[in-house]
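Commentary on secondary and tertiary structure
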Amino acid sequence: MEIKAPRGTRDILGEEVALWQYLEEVVRRNAHLFGYEEIRTPVFEHTELFARGVGEETDIVQKEMYTFTDKGGRSITLRPEGTAPVVRAYLEHGFFVRDPRVRWYYLGPMFRYERPQAGRMRQFHQFGFEALGFQDPACDAEIILLAWTIYRELGLSDLSLELNSIGCPLCKPHYVRRLREYLESRKDVLCENCKRRLVENPLRVLDCKNETCQAVFREASFPSIQDFLCTECRRHEERLFSLLTRLGIPFVVNPRLVRGLDYYTRTVFEVKVHTLGAQDAIGGGGRYDGLARVLGGPEVPGVGFAAGMERIVLLLERSGFPRKDAFRVYLAPQDEEGEKDLLALSQVLHEAGIPFCLDFASKNLRYHLKRAQKMGVRFVVIAGEEERKNEGFSLKDLASGEQMLLSREELLGRLRKEREAC
RNA sequence: GUGAGCGUAGCUCAACUGGUCAGAGCACUGGACUGUGGAUCCAGGUGUUGGGGGUUCAAGUCCCCUCGCUCACCCCA
């Protein structure tokens, strides 16, 4: 086979589809219950949206974007994340004057050019929520509660919620300055990567998993962002903590959690799972009060969350997602007349909302029964010479083996009842 | 982008140090079985051994390149 799906992409088919549909259904239902409405933004945007919205300094913009020039000479990028497009849509449609407070959710493919590995694809899927126009920390709590509710309904356990505040334009620079000074003084022991990041983006140094760097972070005099928060940021954070505690959502404060996107202010959080290997983050988000401004709009507070669906599906597969065979009826004609009768019957079944699968008359009954069984179908409707003589259909229950000759009405009644019981 | 491991049938895997090596099981298709499933038996596609080049009398096996997969780094979802 010469043509394969491009690297980092894959087909979702067979039994896995049911899992995705289930996940999507849980997301949609819970979002709806929390008052979030769906928004569908384009899969590609002007490159500038992400360059500005996500941040020039981020890995996403510097090395992970699928960018190309279209035939009109525009620089276009396949969306690497969902927040910037959502905020763009908010601004473009003038929500800030018309209806400044919105709660939206989205669901769909994202694209990042990276080396694939477990739980990381070039085309991957996220669902996410964005609440725009709310500056109250209760909104941060609501978003986290919604995410947490979904994880719980999916039956995912052993999750940890890490929380931090990275301040605002008032207090963050003080911390960054202090952090840079401190790291500067310990530069000799930092890894090469951190030395580089120290200049470009000191906050990202905190992400380093290198053991010697970690040792530096653990030093008693190492500055913590928590000690640099301004009064407003501190109040916001404390309020969020108390709300989460009230909601019974366990969390740990990780003063070194900074997250990859430039636009965050105050609250940042990440949901991790310990059983996924290196790609252990299954969701994350935070507050981005400055983003709308960066995109040329007015000051609009916002808070959001996004989760990786591939990673969740991996967990669901492992947890033995309950598979039940869908109710379906197999139609097995014995000759061309039977084929005609069953094709006509399929119209009636369709109207009654009973799923069916019609096979054709070129095969013998043995074949049909084998096939129905392999498909996991329990009921087989047979139409042939015998059935025509009695003006009805035979219904065979593959589970019990029993078979009976029924009129069309009796058959429909029986199938309706069986579907209810299913 | 960096590093490591691995590529044989749709799937799971064999083939000792280069020498009947192109195989087994599952799955698939047809038949034994013309209208009664799970079983059995028989027959059969199961394939450019990922691709290309090289060494050799001889390459699935050794060497080089390339592509892909997997894992890790990086970073994130």
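As the structure is a prediction and not an experimental result, all values here were calculated from the model. Each chain has its residues counted from 1, following the order in which its sequence is written. Both sets of labels track the order of writing: A upward for chains, 1 upward for ligands. Local features in this predicted model are restricted to residues whose pLDDT is 70 or higher, and side-chain atom pairs enter the listing and the counts only when it is 80 or higher, whereas totals over whole chains, interfaces and linings include all residues. Side-chain calculation: all heavy atoms of the structure are included, whereas hydrogens and water are not.

Section: the domain arrangement of chain A
Size of an interface, as often reported, equals the accessible area lost when the parts are brought together. Domains assigned within chain A are domain 1 (15-170 + 230-319) and domain 2 (329-421). What fixes the domain bounds is an automatic or database domain assignment. Placing the centre of domain 1 and that of domain 2 at their C-alpha centroids yields a distance of 49 Å.

Considering the pairing of strand β12 (residues 329-333)
Think of it in three bands: with a 1.4 Å probe and only protein chains considered, a residue is buried below 20% of the maximum accessible area for its type, exposed above 50%, and partly exposed in between. The way it works is that DSSP assigns letters per residue, a run of H or I at least four long becomes a helix, a run of E at least two long becomes a strand, and they are numbered from the N terminus. Of all five residues making up β12, five are buried, and the element is well covered by its neighbours. Burial along β12 is two-sided: the residues V329, L331 and P333 and Y330 and A332 are all buried. The pairing of β12 with strand β13 (residues 356-358) spans three bridges and is parallel. Residue pairing for β13: Y330 is matched across the bridge by C357. Considered for its hand, the β-α-β crossover made up of β12, helix α14 (residues 336-352) and β13 is right-handed. DSSP-based pairing: two strands are paired if at least 2 bridges between them are found. Alignment of β12 against strand β14 (residues 379-383), held across five bridges, turns out to be parallel. Opposite P333, over in β14, you have A383 as the bridge partner. Every crossover in which the path from the first strand over the helix to the second runs clockwise, viewed with the strands pointing away from the viewer, is termed right-handed.

Considerations on the sheet that holds strand β15 (residues 393-397)
What the five strands build is an open sheet, ordered β13-β12-β14-β15-β16; its pairing is mixed. The strands lining the two open edges of the sheet, one partner per strand, are β13 and β16 (403-406). Averaged over all pairs of adjacent strands, the angle between their axes in this sheet comes to 25°, without regard to strand direction. Here, residues are in contact when the closest pair of their heavy atoms is within 4.5 Å. Note on geometry: axes are lines fitted to C-alpha atoms, helical ones only across the stretch in contact, with angles between N-to-C directions running from 0 to 180 degrees. Helix-sheet contacts for α14 involve β12, β13, β14 and β15, and the interaxial angle to β12 is about 160°. Contacting β12, β14, β15 and β16, helix α17 (residues 408-421) runs over the sheet at an angle of about 130° to β16.

Quick notes on the UniProt feature "binding site: L-histidine" (unreviewed entry) in chain A
As recorded in UniProt, the feature "binding site: L-histidine" (unreviewed entry) lies at E81, G82, T83, R112, Q126, E130, R259, Y263 and Y264. By the secondary structure assignment, R112 is in the loop between β5 (102-111) and β6 (123-132). With relative accessibility at 17%, the residue R112 sits in the buried group. Mapped onto the elements, R259 comes out in the loop between β8 (252-253) and β9 (265-273). Among the residues examined, R259 registers a relative accessible area of 16% and is labelled buried. Residues within four places of R259 in sequence aside, it is in contact with R204, Y264, V268, F269, E270, G284 and G285. Here a polar contact is recorded for every N or O atom pair within 3.5 Å, except that within protein the pair must consist of a potential hydrogen donor and a potential acceptor, and residues adjacent in sequence are included only if both atoms are side-chain atoms. A distance of 2.7 Å separates a polar atom in the side chain of R259 from a polar atom in the side chain of E270. UniProt positions are given in the numbering used here, feature names are shortened, and annotations may be inferred rather than shown by experiment.

What about the nonpolar core?
Among the buried residues, those of types Ala, Val, Leu, Ile, Met, Phe, Trp, Tyr and Cys that are joined through side-chain atoms within 4.5 Å form a nonpolar core. Grouped together as the largest cluster of nonpolar side chains are 57 residues, with contacts concentrated most on L132, F217 and F222. Contact partners of F222, with chain neighbours within four places excluded, come to Y175, L179, Y182, L183, L206, V216 and F217. Residues Y36, L159, F241 and L316 belong to the second largest nonpolar core, which totals 45 residues.

Brief notes about the packing of helix α6 (residues 137-153) against helix α11 (residues 231-247)
Contact geometry for α6 and α11: axes closest at 8 Å, N-to-C directions at 40°. As far as their axial angle goes, α11 and α6 are oblique. Crossing of α6 over α11 shows right-handed handedness. Each of P137, A138, D140, A141, I144 and L145 in α6 lies in contact with α11, whose residues at this interface are H236, R239, L240, L243, L244 and L247. The classification used treats Ala, Val, Leu, Ile, Met, Phe, Trp, Tyr, Cys and Pro as nonpolar, Asp, Glu, Lys and Arg as charged, and all other residues, Gly among them, as polar. For the contact of α6 with α11, a count of residues per class yields nine nonpolar, one polar and two charged. Should an angle fall under 35 degrees it is taken as roughly parallel, and over 145 as roughly antiparallel, whereas 65 to 115 is taken as roughly perpendicular and any remaining angle as oblique. Here a crossing is called left-handed whenever its near helix is offset anticlockwise from the far helix by less than a right angle, and right-handed whenever the offset is clockwise.

What to know about the pattern of salt bridges
A carboxyl oxygen of Asp or Glu within 4 Å of a side-chain nitrogen of Lys or Arg is what we treat as a salt bridge. By the definition in use, this model includes 29 salt bridges. A salt bridge links E153 to R29; the nearest nitrogen and oxygen atoms lie 2.6 Å apart. Within this pair, whereas E153 is found in helix α6, its partner R29 is found in helix α1 (residues 15-33), the two being separated by 124 residues in sequence. Note on R29: relative accessible area 32%, which makes it partly exposed. In this structure, a network of salt bridges that share partners links the residues E162, R259, E270 and K272.

Some details on the environment of V273
You can see V273 is positioned in strand β9. For V273, a relative accessible area of 3% puts it in the buried group. Sequence separation of V273 and I312 is 39 residues, and the distance between their C-alpha atoms is 9.9 Å.

Here we look at the side chain of R311
The residue R311 is located in helix α13 (residues 309-318) in this model. Although R311 lies buried, it forms no salt bridge, and the closest oppositely charged side chain, D280, sits 6.0 Å away as judged by the N-O distance. A polar side-chain atom of R311 sits 2.7 Å from the main-chain carbonyl oxygen of G119. Non-local contacts of R311, meaning those with residues more than four positions away in its chain, are made with G119, R120, L276, Q279, A281 and I282. Counted charges follow a simple rule, with Lys and Arg positive, Asp and Glu negative, and His plus the chain ends left uncounted.

Description of the confidence of the model for chain A
For every residue, the predictor states its confidence as a pLDDT score lying anywhere from 0 to 100. In the predicted model, chain A carries a mean pLDDT of 90, and 98% of its residues have values of at least 70. Strand β1 (residues 37-38) holds the highest mean pLDDT among the elements of chain A, 98, whereas helix α8 (residues 192-200) holds the lowest, 75. Prediction confidence for the complex, expressed as pTM and ipTM, is 0.91 and 0.85 respectively.

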